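# A structural walkthrough
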Amino acid sequence: MDGEAVGSEAVSEDSGPGRRHRVHGMLKLYYGLNEEGKAEEQPESLDPCDINGPHFDPELFLNKLRRECSLAELMDQETCMVKQIRSLDSDMQTLVYENYNKFISATDTIRKMKNDFKKMEDEMDCLSANMAAITEFSARISGTLQDQHAQITKLSGVHTLLRKLQFLFELPARLNKCLELQAYAQAVRSHRRARCVLQQYSHLPSFKGIQDDCHAIMDKLAQELRQKFRDGGSSAKDLSECVELLLQLDEPAEELCDKFLSHAQSRLESDLQGLEAEIRPYPSASAMKDASGHRLSSTAAAGSPTYNSPKTSTIPSPTSNTDILEFIDRGCNEFVSSLCLVITSYQELFINHAQKGELASKNIPQMANGKLNAFVDDLAARYFSLVERRIQEEKGVADNSLLVRALDRFHRRLQAVTKLLPGSAVPNQGTEIVIRAATERVKQYLSALQSFYMDSLTDVRQALATPRLSVASASVAGGGAHLGGPASGRDAPNSLPELLSSLSASILNQIKSVLASVHLFTAKDITFSNKPYFKGEFCSQGVRESLVVSFIKFVCQSSRQFCESAGDKGGSTPPALLLLLSRLCLDYETSTISYILTLTDEQFLVQHHSPVTPVTTLCAEAREAAQKLLNHYVKVQGLIISQMLRKSVETRDWVNTIEPRNVRAVMKRVVEDTTSIDVQVGLLYEEGVRKAHSSDSSKRTFSVYSSSRQQARYAASYTPSAPMDTNLLSNIHKLFSERIDIFSSVEFNKVSVMTGIIKISLKTFLECVRLRTFGRYGLQQIQVDCHYLQMYLWRFVSDENLVHFMLDEIVGSSAHRCLDPAPMEQSVIEVICERG
Amino acid sequence: MEDDAPVIYGLEFQARALTAQTAETDAIRFLVGTQSLKFDNQIHIIDFDDENNIINKNVLLHQAGEIWHIGASPADKAVLTTCYNKTSDSRVVSCAAVWRMPSDWETGSHESPDDSAHNPQTLELLCHLDDSAHSNAACVLWEPMGDGKRVISLADNHALLWDLQESSTQATVSSTATLEGKGQLKFTSGKWSPHHNCSQLATANDTAIRGWDLRTMSQIYCIENAHGQLVRDLDFNPNRQYYLASCGDDCKVKFWDVRNVQEPVKSLEEHSHWVWSVRYNHSHDQLVLTASSDSRLILSNMVSISSEPFGHLVDDEELSEGEDNHQEDNQSNKKKKKVLINYSSFE
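From a predicted model like this one, the values you see are computed outputs, not experimental measurements. (Residues numbered from 1 in each chain as written. Chains lettered and ligands numbered in written order. Predicted model: local features only at pLDDT ≥ 70, side-chain atom pairs only at ≥ 80, totals over all residues. Heavy atoms only, no water.)

## Structural notes on the sheet that holds strand 20 (residues 253-257) of chain B
Residues and elements named next belong to chain B. What counts, and what does not: Should DSSP find at least two bridges between two strands, the strands are taken to pair. Secondary structure counts use DSSP, requiring at least four H or I residues in a row for a helix and at least two E residues in a row for a strand, with both numbered from the N terminus. Interaxial angles span 0 to 180 degrees and are taken between N-to-C directions of axes, which are lines fitted to C-alpha atoms, for helices over the stretch in contact.
On the basis of which strands lie adjacent, the open sheet formed by 4 strands has the order 18-19-20-21 and antiparallel pairing. The open sheet has two free edges, formed respectively by strand 18 (231-236) and strand 21 (266-268), since each of these has just one partner strand. Each adjacent strand pair in this sheet contributes to an overall mean axis angle of 20 degrees, direction not counted. Two elements, strand 19 (residues 243-248) and strand 20, share 5 bridges in a ladder whose sense is antiparallel. Counted as the bridge partner of Leu 244 is Trp 256 from strand 20.

## Digging into the sheet that holds strand 17 (residues 218-223) of chain B
Strand pairing in a sheet takes place through backbone hydrogen bonds and is either antiparallel or parallel in direction. Residue and element names in this part refer to chain B. Reading across from one edge, 14-15-16-17 is the order of the 4 strands in this open sheet, with antiparallel pairing throughout. One side of each edge strand has no neighbouring strand; the edge strands of this open sheet are strand 14 (189-192) and strand 17. For this sheet, the mean angle separating the axes of adjacent strands, direction not counted, is 20 degrees. Pairing geometry for strand 14 and strand 15 (residues 200-205), over 4 bridges, is antiparallel. By the bridge assignment for strand 15, Trp 192 is matched with Leu 201.

## Remarks on the packing of aromatic side chains
Put simply, the test is: The criterion for an aromatic pair is that two Phe, Tyr or Trp rings (for Trp, the six-membered ring) have centres within 6.5 Å, with stacked assigned to planes under 30 degrees apart, edge-to-face to planes over 60 apart and tilted to the rest. Residue exposure (1.4 Å probe, protein chains only): buried if accessible area is under 20% of the type maximum, exposed if over 50%, otherwise partly exposed. Counted as over-ring charges are cases with an Arg CZ or a Lys NZ within 6 Å of the ring centre that also lie within 35 degrees of the ring normal.
Summed over all chains, the structure comprises 10 aromatic pairs over all chains. Plain terms: the ring middles of A:Tyr453 and A:Phe551 are 6.1 Å apart, the flat faces sit at 90 degrees to each other, and that makes the pair edge-to-face. Here the residue A:Tyr453 occupies a position in helix 15 (residues 426-465), and A:Phe551 occupies one in helix 18 (residues 532-569), the gap between them amounting to 98 residues. Each member of the pair A:Tyr453 and A:Phe551 is classed as buried. Ring pairs connect the aromatic residues A:Tyr453, A:Phe551 and A:Phe554, which therefore count as one cluster. Across the ring face of B:Trp276, the terminal group of B:Arg232 is positioned such that the distance to the ring centre comes to 4.4 Å. Against the face of B:Tyr243 rests B:Arg240, its NZ or CZ located 4.2 Å from the ring centre.

## A closer look at the state of the cysteines
We apply this condition: The rule for a disulfide is simple: a pair of cysteine sulfur atoms within 2.5 Å.
The full count for this structure, using the stated rule, is 0 disulfides over all chains. Considering cysteine sulfurs only, A:Cys585 is the nearest to A:Cys556, which forms no disulfide, with 5.2 Å between them. Left unpaired, B:Cys139 is separated from the closest cysteine sulfur, that of B:Cys83, by 6.1 Å.

Here is the structure:
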């Protein structure tokens with residue numbers, strides 16, 4: 001019964017897990033079944049009073065209960081225990097029943113299986129008997145067929161041999177036929193197949209005969225192939241086939257290389273000739289033709305007989321109307337692509353092919369490579385010289401994009417050659433041509449800019465020449481009402497500021513457009529733009545230095561030339577132009593130069609690897625030019641007025657002049673001119689600062705300022721005893737007054753310019769006066785004139801004392817040179833001057 | 001000389017004329033002519049003693065008028081010419097004359113140097129270099145290194161070649177040349193070339209420089225627009241026969257090769273006002289002295305166009321002398337300085 005309980009326990013495992021577990025545990029306890037591992041898991045159940053524990057001692061438990069519990073509790077305990085026992089019993093009964101049922105069904109199943117296996121065993125026996133029968137039959141059949149099979153094998157071997165022999169015997173005829181049909185490839189293929197065999201059995205006379213026949217035929221074939229090769233009328237594909245066959249026929253590879261190349265050369269030559277015909281033969285190219293001729297002779301010496309012929313038969317084509325893009329296109333499509341084709345087929349034939357075959361041992365690839373490189377270099381050089389000639393013809397700067405596109409295409413197509421011939425110098429040469437073309441283009445742009453600048457200057461000059469009168473008369477508006485002359489003339493459209501702004505704007509626009517054109521060279525989609533030259537040197541040296549900086553320098557330099565050339569020819573440059581240019585240079589210094597350079601740097605992302613001209617240098621140069629121009633302007637204007645004054649002083653007889661009634665017309669003219677100059681300068685330059693002076697300085701009269709000293713001087717002159725006093729007095733005065741630098745540099749403002757001009761004029765006046773001798777009225781006329789000048793000139797200068805002082809000096813000098821120095825009454829002078 | 005103070009000589013009148021006495025070989029002697037309208041004009045004879053660095057002076061009266069130009073005879077140290085303004089009847093006339101210094105001026109001055117100014121002797125008039133047709137002499141030029149028999153006077157637009165006879169008491173016009181052209185042309189300055197056997201003359205009028213052949217009295221070259229403004233003075237390089245220096249109102253000093261009159265050989269623009277006078281140093285022709293009304297004298301060392309382009313260091317002495325004279329120049333007291341139209345101004 002015990003064993004069955006254990007078995008049923010195993011069977012009952014698939015009942016509800018929770019309950020099963022509990023029941024299982026309990027049953028195990030009940031039956032004292034305790035595996036060693038499990039005992040350790042329940043150390044708590046060592047308590048002998050634990051009713052569920054394995055060490056339960058009923059005695060102890062009972063005693064304990066009796067000791068510890070009351071009767072009621074004992075009763076409860078008892079009831080509880082009875083209830084538990086009852087439930088355990090019923091559980092056990094259920095389990096036993098279930099296990100029994102399962103055991104019964106298992107027994108049934110085993111019995112059924114036993115019956116089935118018996119049936120299968122019988123069938124297997126039957127099968128093995130059948131198999132044995134089949135094996136026996138098969139052995140019998142193969143035994144009967146063996147003889148026949150051996151016979152068939154032998155027969156087929158004989159057949160093959162016979163076919164081979166037949167092929168050999170038929171070979172001469174077949175080759176002949178191929179020769180007739182010009183199926184050279186097939187002939188060579190056949191011959192190659194037979195060649196080894198023939199070689200091997202050549203000691204047999206019949207084979208020997210065949211071999212000889214074949215040789216004769218093949219020689220003929222090779223002859224024919226060579227002929228075809230020489231004729232050269234065939235296409236590249238035919239030709240390469242030819243070469244391939246010849247190579248297979250053990251022709252010397254070197255000779256073939258030469259022949260192949262010379263043939264290819266003649267075809268490329270015709271391409272080049274076509275290109276050359278496109279180029280307009282221009283007479284000035286003699287030097288370059290010499291150069292190419294020189295090279296030609298040197299390469300001809302290297303051994304290419306076909307080289308000279310096309311050159312000598314150059315047809316001077318009529319004016320080529322194709323543009324450079326078309327030209328380059330044609331060059332690319334015809335020359336470069338066929339060159340590439342030649343290179344490819346050549347490499348295919350002599351290099352790649354040879355490397356695989358038996359020819360590799362003979363160093364043929366190296367030899368062939370060398371030949372190819374020389375060939376390509378030679379032809380490419382000629383092509384490049386043509387391209388360069390064509391590029392040089394591209395003089396106009398109008399359409400740069402065409403050139404750039406042409407160069408791009410040129411460069412791009414050369415990349416194919418690079419891929420085919422990695423070691424070749426051709427792409428580098430091509431890049432150099434592109435670089436040269438680019439630098440040449442930059443130069444052309446520079447000269448275009450320069451001529452544009454000169455043209456605009458001419459325009460300005462003309463514009464200045466036409467409204468000159470109106471500008472002069474505009475002086476009236478600014479100069480005061482001392483003349484009732486025509487007050488119009490301000491309407492001139494070509495006023496100086498407008499001219500200036502239009503000039504500088506047009507120059508700037510031109511620079512911008514040129515920059516934009518040049519920028520095409522570095523556009524991203526152009527293949528050569530990522531060459532290091534175009535990234536670095538072209539931007540910094542080419543564009544920035546030789547284009548922009550050179551142009552700015554040119555502007556400054558040409559401005560300076562205006563100063564120098566005009567000095568000798570006596571004002572061939574209109575003064576207004578000098579003023580305008582001065583302002584232009586000054587504007588350049590302050591803003592335009594840095595703007596242009598920043599623009600350039602931004603557009604071209606210039607990275608300055610090499611030292612470049614800094615902005616400050618250019619600015620300094622521009623400023624220097626501006627200063628020089630302005631100084632020159634002052635000088636020219638001063639000298640014009642000087643001339644007027646000098647003539648007026650020199651041509652007059654100052655001893656025998658009448659009493660002054662008027663201011664001399666020359667002085668009015670001087671004031672007028674000064675005023676117009678003032679207006680002119682005011683249009684372009686700021687006012688500038690004056691030295692502080694009293695507000696009513698205009699009221700202060702010249703004589704008040706100087707009369708005391710003058711009187712003293714006259715007085716001294718009368719007394720014969722003290723002639724030295726005069727000098728002494730003036731010398732002392734001189735010590736205390738500032739030294740006046742006449743032709744000194746001026747500042748960039750109106751007042752300074754005007755001060756310069758007036759200083760020059762008055763100094764001239766002074767010097768002239770000192771060379772003359774005056775009568776009484778002569779002196780008085782000078783007094784009147786000086787007062788008049790004083791009345792009008794003070795307002796133009798930075799320090800009116802300067803005018804006072806110089807005029808004072810003039811009057812003093814004329815008094816000194818006067819035979820009868822009797823000065824005029826101040827009031828009379830004033831009246832005369834007021835009257836105008 | 002470097003540590004010596006500059007020697008200054010003061011005149012009581014303004015002066016525009018100065019020359020060196022070339023006939024005097026023993027002493028360094030200058031003649032200065034004064035300009036005064038109201039008093040008798042004087043000729044100051046200034047001896048410079050370069051050993052003691054002092055100056056001796058003598059004064060002679062020149063009563064005819066204020067002196068604009070002065071020239072000393074190359075042969076006779078007592079003979080000189082002046083161009084002067086004479087005022088008479090409220091008219092100013094420019095005249096030229098040959099004068100002889102009184103023979104005893106030297107002894108007199110040595111005895112009583114102090115009162116020489118108070119008791120000056122008068123020049124003795126030898127002859128006038130004027131005739132009725134030609135007046136207004138601008139300058140009188142002696143034949144360089146000649147025997148003191150030939151002079152040229154430039155009057156208005158005529159160049160007159162005079163022969164002096166009977167110890168310079170008689171002057172006759174031997175030939176004349178006339179400048180012809182539009183307008184009122186007038187010679188402003190001139191120079192007798194010491195080269196070509198003294199047969200060439202260079203003159204300046206307005207902005208042009210002209211060369212004349214004295215044998216035919218015809219023009220041989222003309223530098224039009226030599227200067228932007230009036231040409232004030234000329235000088236020949238004493239050693240290079242075709243080289244000529246000029247100066248003018250455009251503040252420039254230019255050096256010309258008269259065989260090529262298109263371009264100046266060199267142009268200097270150091271002065272800031274009119275350049276009145278230019279002179280070569282007679283023994284070192286790389287040294288050129290210029291005087292200007294900007295109150296400056298500039299001594300330039302033009303080695304590149306001198307007759308001794310290489311080597312021959314310029315004496316420090318002479319350079320420093322030039323430096324000294326960069327200062328205010330009431331009087332130039334230059335050793336070996338031949339002529340300086342001394343622009344003694346109010347300064």
